[in-house]
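# Analysis of the macromolecular model
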Number of protein chains: 2
Amino acid sequence: MPDTPTRKRETRIQRRNSDAILEAALDIFSKRGFRGATLDEIAEAAGLSKPNLLYYFDSKEAIHTELLDSLMDTWLDPLRDLDPDGDPKAQLLQYLRRKLEMSRDLPRESRLFANEILQGAPRIGAGLSGDLKSLVDAKAQVIRGWSDAGKIAPVDPYHLIISIWALTQHYADFEVQVRAVLGGVDPYEGAEAFLEGLYEKLLSL
Amino acid sequence: MPDTPTRKRETRIQRRNSDAILEAALDIFSKRGFRGATLDEIAEAAGLSKPNLLYYFDSKEAIHTELLDSLMDTWLDPLRDLDPDGDPKAQLLQYLRRKLEMSRDLPRESRLFANEILQGAPRIGAGLSGDLKSLVDAKAQVIRGWSDAGKIAPVDPYHLIISIWALTQHYADFEVQVRAVLGGVDPYEGAEAFLEGLYEKLLSL
DNA sequence: GTCTATACCTCGATAGAC
DNA sequence: GTCTATCGAGGTATAGAC
């Protein structure tokens, strides 16, 4: 029963504490960035002592890495689920919708990634040109196929995907600015209507 | 001849050093965030000693604030220039184009703001709900007028403006990811074509 | 497994010679 | 104005009792 490299073996109690640490770390790292976060803050949020944190994880870095790695999959699921055999426009609009839901429901995760990418992706750089690029390449081919077959309007599939990232993640990553500009209005209601209309028009022949 | 609060009086040599410091600080702050940047790094990049930095600015914070404040105006210029009396679609497409140019030509400035907003805008929060909101409100009225007059398609003006921010700034803020996904291709050429087509379609009646 | 105490380092800022 | 030297706060990580 081998241990994972960054995490210790798991009993019930250890599992519970590990989870509490990761939950707290997500909170703090997403709010302050890697360097801005302190183990004190994370420990307090997790309800543990600082040395106890380091009993469960080898280092601050290890907590951060574990978070990024375990969230990467979740993050790419919506794109992975884009079905080549489904209805093109419906598939793309569903991708848009799921990404927007993720911004609304998982803003901390979005900001965790944003912090990492913004600073040059020092810890997940490899994953970007590896797994991510492969996945995007594959799905771009699917979209190009749809364009060529005349099922959606002709469009650059890479910039289409990037635009969906940009537009949806913006509502989580720049939330304070969006809320400041919108006043008291809920950002996501307007966003959903606006974005669906936008892509509806873009993809229509 | 009163001094500004954060900056000392200026002779030629002081001006040159101040500028070198701000230039270096922009480089480092945009790359590492406020907390992640160190005065040592900034001093080295500026070709000065660390105490000498603090001869020109009161503190690390003061350098950062000076940067944000002096860049805020530049940043909002394109929106400020949106002309109520110009051709609606042309005005909006020009706004889009100028914002994309800013991402291409001033990526460090974009990332400086992105870092600040992402972490909850602790240092420019007031500016967001003040100056920024006022400006956006005013321009949103202009756009709504265009919609109502049937000069462009009906569209939520706030989310329209937000979408332009999101789409253009993404190419600067998430540059490593964009480049990883696109391989060797220049992001901005494809982006310009894609985005102009997108808004052309959106705004057309 | 969890704590207190602490070692050790990095960083922002200051002192003081030149 | 600019430097070397250094202080003191705050940070990660470890030692060691329980």
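Residues numbered from 1 in each chain as written. Chains lettered and ligands numbered in written order. Predicted model: local features only at pLDDT ≥ 70, side-chain atom pairs only at ≥ 80, totals over all residues. Heavy atoms only, no water.

### Quick notes on the overall build of chain A
Defined as follows: For the purposes of this entry, the term helix denotes a DSSP run of H or I that reaches at least four residues, the term strand denotes a run of E that reaches at least two, and both are numbered from the N terminus. It only takes one pair of heavy atoms within 4.5 Å for two residues to be counted as in contact. Computed with the Shrake-Rupley method and a 1.4 Å probe, the accessible areas treat only the protein chains shown as cover for residues. Charge counting follows a simple rule: Lys and Arg are positive, Asp and Glu are negative, and His as well as the terminal groups are ignored. Note that the charge is assigned to NZ on lysines, CZ on arginines, CG on aspartates and CD on glutamates.
The number of helices and strands found in chain A is 10 helices and zero strands. In chain A, the succession of α and β elements from N to C terminus is α-α-α-α-α-α-α-α-α-α. Taken along its principal axes, the extent of the C-alpha atoms in chain A is 60 × 45 × 30 Å. Looking at chain A alone, contacts between residues at least 24 apart form 68% of all its contacts between residues at least 6 apart. Surface summary for chain A: the accessible area is close to 9200 Å², and the carbon and sulfur share equals 50%. The centroid of the 26 positive side-chain charges in chain A is displaced by 3 Å from the centroid of its 33 negative side-chain charges.

### Some details on the protein's contact with DNA strand D
Stated precisely, the cut-off is as follows: Whether a residue is near a molecule or strand is decided by its heavy atoms; if any one of them lies within 4 Å of it, the residue is near. Polar contacts, as used here, are pairs of N or O atoms within 3.5 Å; protein pairs need one atom able to donate a hydrogen and one able to accept it. Residues neighboring in sequence count only if both atoms are side-chain atoms.
Around DNA strand D, the surrounding shell holds 17 residues, and the nearest of these are Lys50(A), Lys60(A), Gln14(B), Ser49(B) and Tyr56(B). Here DNA strand D approaches the protein such that, of its atoms within 4 Å, sugar and phosphate make up 66%. Between DNA strand D and Ala37(A) there is a distance of 3.4 Å, counted from a phosphate oxygen to a backbone nitrogen or oxygen. The contact in question runs from a phosphate oxygen of DNA strand D to an N or O atom on the side chain of Ser49(B), over 2.7 Å. Elements represented by at least two residues in the surface near DNA strand D include exactly helix 3 (50–56) of chain A together with helix 1 (12–36) and helix 3 (50–56) of chain B. It is helix 3 of chain B that provides the largest number of residues to the surface near DNA strand D, a total of four residues.

### Concerning unusual backbone geometry
All names here are of chain A. Which entries qualify depends on this criterion: Remark: exposure states derive from per-residue accessible area (1.4 Å probe, protein chains only) relative to the maximum for the residue type, with buried under 20%, exposed over 50%, and partly exposed in between.
The backbone phi angle of Ala121 is positive, close to 55°, even though this residue is not glycine. Tracing the sequence through the fold places Ala121 in the loop between helix 6 (107–118) and helix 7 (125–148). Of the residues examined, Ala121 reaches a relative accessible area of 4% and is grouped as buried.

### Points about helix 2 (residues 39–46) of chain A
Residues and elements named next belong to chain A. Stated formally: The arc under discussion is defined with respect to the helix axis, by the directions toward the C-beta atoms.
All of the buried residues along helix 2 are Leu39, Ile42, Ala43 and Ala46. The buried residues of helix 2 occupy an angular sector of 100° when the element is viewed end-on, so they sit on one face. Turning to helix 2, the residues buried within the fold contact helix 1 (12–36), helix 3 and helix 4 (60–80). Positive backbone phi, approximately 75°, marks Gly47, located one or two places after helix 2.

### Focus: the protein's contact with DNA strand C
Near DNA strand C there are 17 residues, and of these Gln14(A), Ser49(A), Tyr56(A), Leu39(B) and Lys60(B) occur at the shortest range. Close to the protein, within 4 Å, the atoms of DNA strand C belong to sugar or phosphate groups at a rate of 68%. At 3.2 Å from a phosphate oxygen of DNA strand C is found a main-chain nitrogen or oxygen belonging to Ala37(B). Measuring from a phosphate oxygen of DNA strand C, one finds a side-chain N or O atom of Lys60(B) at 2.8 Å. Secondary-structure elements contributing two or more residues to the surface near DNA strand C are helix 1 and helix 3 of chain A together with helix 3 of chain B.

### A word on the environment of Glu61(A)
Residue and element names in this part refer to chain A. Among the structural elements, Glu61 can be located in helix 4. Taking the C-alpha atoms as reference, Glu61 lies 23 Å from Ile13; in sequence the two are 48 residues apart. Those residues within four positions of Glu61 in sequence are excluded, and the remaining contacts are Phe34 and Arg123.

### Considerations on the domain arrangement of chain A
All names here are of chain A. Our working rule: Annotation comment: domain bounds sourced from an automatic or database domain assignment. Buried area: the sum, over both parts, of the accessible surface (1.4 Å probe) that disappears when the two are put together. Salt-bridge detection follows one rule: a side-chain nitrogen of Lys or Arg within 4 Å of a carboxyl oxygen of Asp or Glu.
Parsing chain A into structural domains produces domain 1 (5–58) and domain 2 (68–203). The C-alpha centroid of domain 2 is placed 29 Å from the C-alpha centroid of domain 1. Facing seven residues of domain 1, the contacting portion of domain 2 comprises seven residues. In total, about 620 Å² of surface goes out of reach between domain 1 and domain 2, with carbon and sulfur atoms giving 57% of it. When the buried surface of domain 1 facing domain 2 is broken down by residue, Leu26, Ser30 and Phe34 rank first, second and third, together holding 69% of it. In this structure, the connection of domain 1 to domain 2 is made through two salt bridges. Between Arg108 and Glu23 there is a salt bridge whose closest N-O contact spans 2.8 Å. The tally of links between domain 1 and domain 2 comes to two residue pairs in polar contact (both at pLDDT 80 or more).

### Focus: the relation of the copies chain A and chain B
Counted only if it meets this: All copies are superposed by least squares; the fitting set is the C-alpha atoms of residues with a pLDDT of at least 70 in both.
Rotating chain A by 180° about the axis while translating it 0.0 Å along that axis superimposes it on chain B, leaving an RMSD of 0.1 Å. Here the two chains are linked by the operation of a two-fold rotation axis. Among all residues of chain A, the one whose C-alpha sits closest to the rotation axis is Ala166(A), at a distance of 2.8 Å. By residue overlap, the copies meet face to face through one surface: 100% of the interface positions of chain A are interface positions in chain B.

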